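Chain residues, written in single-letter form:
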Amino acid sequence: MAVTTLHSIKTTLIRAVKYITNPDKTDGKLLVSSHGCSAETAHFEFDFTRKNADKQGGVLAYHLIQAFKPDEVDYSTAHEIGIEFADKILRGKYEYVIATHTDKDHCHNHIIFNSVSFKDRKKYHSPANNIYRIRRVSDMICSRRGLSIIEKPSGNKGKSHYEWQKEKEGQSWKSKLRETIDRNILQAQSWDEFLSLMQAENYQIKYGKYISFKANNQERFTRAKTLGVEYSEDRIRERIKGISKITSNILNRNDEQISLMIDIENHIKCRQSKGFENWAKLNNLKTAAKTFNFLSENGIKTYEDLAAKYDEARNQKDVSQEKIRTVEKRIKEIDVIIKDIEIYRKTKPIVERLDNVVFKAQYRKENEAEFILFTAADKALRKHFKDGKLPLIKTLRAEQREIYENKNHLYAERNNCRDAYHEIKKMKANIDLILGKNLESEIGNRRIKLSEIE
């Protein structure tokens, strides 16, 4: 679970950067990274970008914090997530420094980024709802890596933030009560049997205008109706009888919206309705027909053929995505090189003038920022151009334009590969559903004909 907060920095930027890159908090700076600048010279580089854009007033930078649930992720992984997070939000346009702190019982990333883009010289705008967009990006990344996220509660009016937090921790009386009620509704054949099952699970029951339940060690009774609309006494009685609003919602959805995982066993009460059972079987037959059509068009005759096609489609999707990552990395790299060349060329005359002045120490002190920037840019450029010959900026821009054109073709290729992968993934899921077992475990033992589906 990652919690994100965003603050603006209007003064003391250098102190903020020093704080987040403190060696005692970052494993000797091993957990410090940056983009478009060096962590050691970020303050000067941020300032240079703002001066070039003629936007020096107001916010100097932004400080973004991304905190994780204790013991859910190690420091190294948290740092990787933070870099991906910063890249997604800032899209390579703003210099940033990221540091992962190890001095608390939970991992947390500090990201400080410039308020002005070194690429297009535009200011970063942070409207009131910006933090929600940022949190969605963080949640998406965490979810993809199997980490928990904060989900917005729905369908449970009146739930306090404290109650919601406790529910996420598995400590909510209401959450446990809902689970117990749901479980016993599936088992009970009558209202009296439901109450007996609740008592068997050590719940006290209080009758009045509204029925209430209290678990052992719970201080107060909880009115069932406060759990949500599906937990009033009338709705519980209806659900025991198999009259489910959820069922009617399913029946009203069109074929394209129906989940392929129609599992009648998970709808025990629905099975009491013969009409619903027949409907579910009919839609499984429709799904089977679509699947047969796909297999025929693609010449797939055995499950092994299907598995091979699935692996091939997944590999093509991954390869196409990696091509995009490669060109995006090069585009960002060129942006930084162009910035370093601009710094190098603007500060070089100031540095070279040192040989001709009398009071060298005073001159260096007065132009400290330019000397620091020149040294950092020179060091960065020598990594790319060991012979010291710098390319023209217009040449680099031309390369970028060519890469962008190629990138558009790669996006089209990636989308086609992704669509093909999702289609065969869906068909494979259909077949596993229709056969009613995990066929992958049987590959190698025998060849499974898809005709067995019939």
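So, how was this worked out
Numbers given to residues run from 1 along each chain, matching the order in which its sequence is written. With the structure being a predicted model, the display of local features is reserved for residues of pLDDT at least 70 and the display and counting of side-chain atom pairs for 80 or more, all residues being used for whole-chain, interface and lining totals. Working from all heavy atoms in the structure, the side-chain values ignore hydrogens and water. Note on pairing: two strands pair once DSSP finds at least 2 bridges between them. Helix numbering and strand numbering both begin at the N terminus, where a helix is a DSSP run of H or I of at least 4 residues and a strand a DSSP run of E of at least 2. In this analysis, two residues are considered to be in contact whenever any of their non-hydrogen atoms come within 4.5 Å of each other. Helix axes use the C-alpha atoms of the stretch in contact, all axes being lines fitted to C-alpha atoms, and the angles between their N-to-C directions lie in the range 0 to 180 degrees. Patch definition: residues above 30% relative accessible area lacking any salt bridge, with like charges linked at up to 9 Å and the nonpolar side chains Val, Leu, Ile, Met, Phe, Trp and Tyr linked at up to 5 Å. Computed with a 1.4 Å probe, the accessible areas rest on the Shrake-Rupley method; for each residue, only the protein chains presented here act as cover. For salt bridges, the criterion is a side-chain nitrogen of Lys or Arg within 4 Å of an Asp or Glu carboxyl oxygen. Counting rule for charge: Lys and Arg are taken as positive, Asp and Glu as negative, and neither His nor the chain ends is counted. For this purpose, a charge sits on NZ of Lys, CZ of Arg, CG of Asp or CD of Glu. Three labels apply to residues, based on accessible area from a 1.4 Å probe with only protein chains included: buried if under 20% of the type maximum, exposed if over 50%, partly exposed otherwise in between. Here a polar contact means two N or O atoms within 3.5 Å. Within protein one must be a hydrogen donor candidate and the other an acceptor candidate, and residues neighboring in sequence count only if both atoms are side-chain atoms. Grid points spaced at 1 Å over the protein atoms alone were grouped into cavities, where a 1.4 Å probe fits but cannot get out, and pockets, open sets with protein on both sides within 12 Å along at least five of seven lines, with lining residues defined by an atom within 4 Å of a point. Grid points are joined across faces, edges and corners, and a volume is the space filled by probe spheres set on the points.

Draft legend 1. Looking closely at the sheet that holds strand β7 (residues 212-215). Read across the open sheet, the 3 strands follow the order β6-β7-β8; overall the sheet is antiparallel. Two strands bound the open sheet, and with one partner strand each, they are β6 (203-206) and β8 (222-223). As paired strands, β7 and β8 are joined by 2 bridges and run antiparallel to one another. In the sheet register, S212 faces β8, and the bridge partner there is R223. Its contacts with the sheet place helix α7 (residues 191-200) against β6 and β7, and it is angled at close to 135 degrees to β6.

Draft legend 2. Looking closely at a positive patch on the surface. A grouping of K206, K209, R223 and K225 is seen on the molecular surface, where their side chains present a positively charged patch. Mapped onto the secondary structure, K209 falls in the loop between β6 and β7. Classification of K209 by relative accessible area gives exposed; the value is 72%.

Draft legend 3. View of the side chain of T21. Mapped onto the fold, T21 is located in the loop between α1 (13-20) and β2 (32-35). You can call T21 buried: its relative accessible area is 6%. Here V17 takes part through its backbone oxygen, which lies 2.7 Å from a polar atom of the side chain of T21. Other than its neighbours up to four places away in sequence, T21 contacts T26, K29, V32, A39, V97 and A99.

Draft legend 4. Region of the structure containing empty space enclosed by the protein. As enumerated under the stated definition, the model contains 2 cavities of 30 Å³ or more in all. For the largest cavity, the calculated volume is near 40 Å³. Around the largest cavity sit F118, K119, R121, D335, I338, K339, E342 and R397, which together line it. Take the lining of the largest cavity: its biggest share by element is 4 residues, from helix α11 (residues 303-352).

Scope: geometric values only; no functional claims are made or implied.
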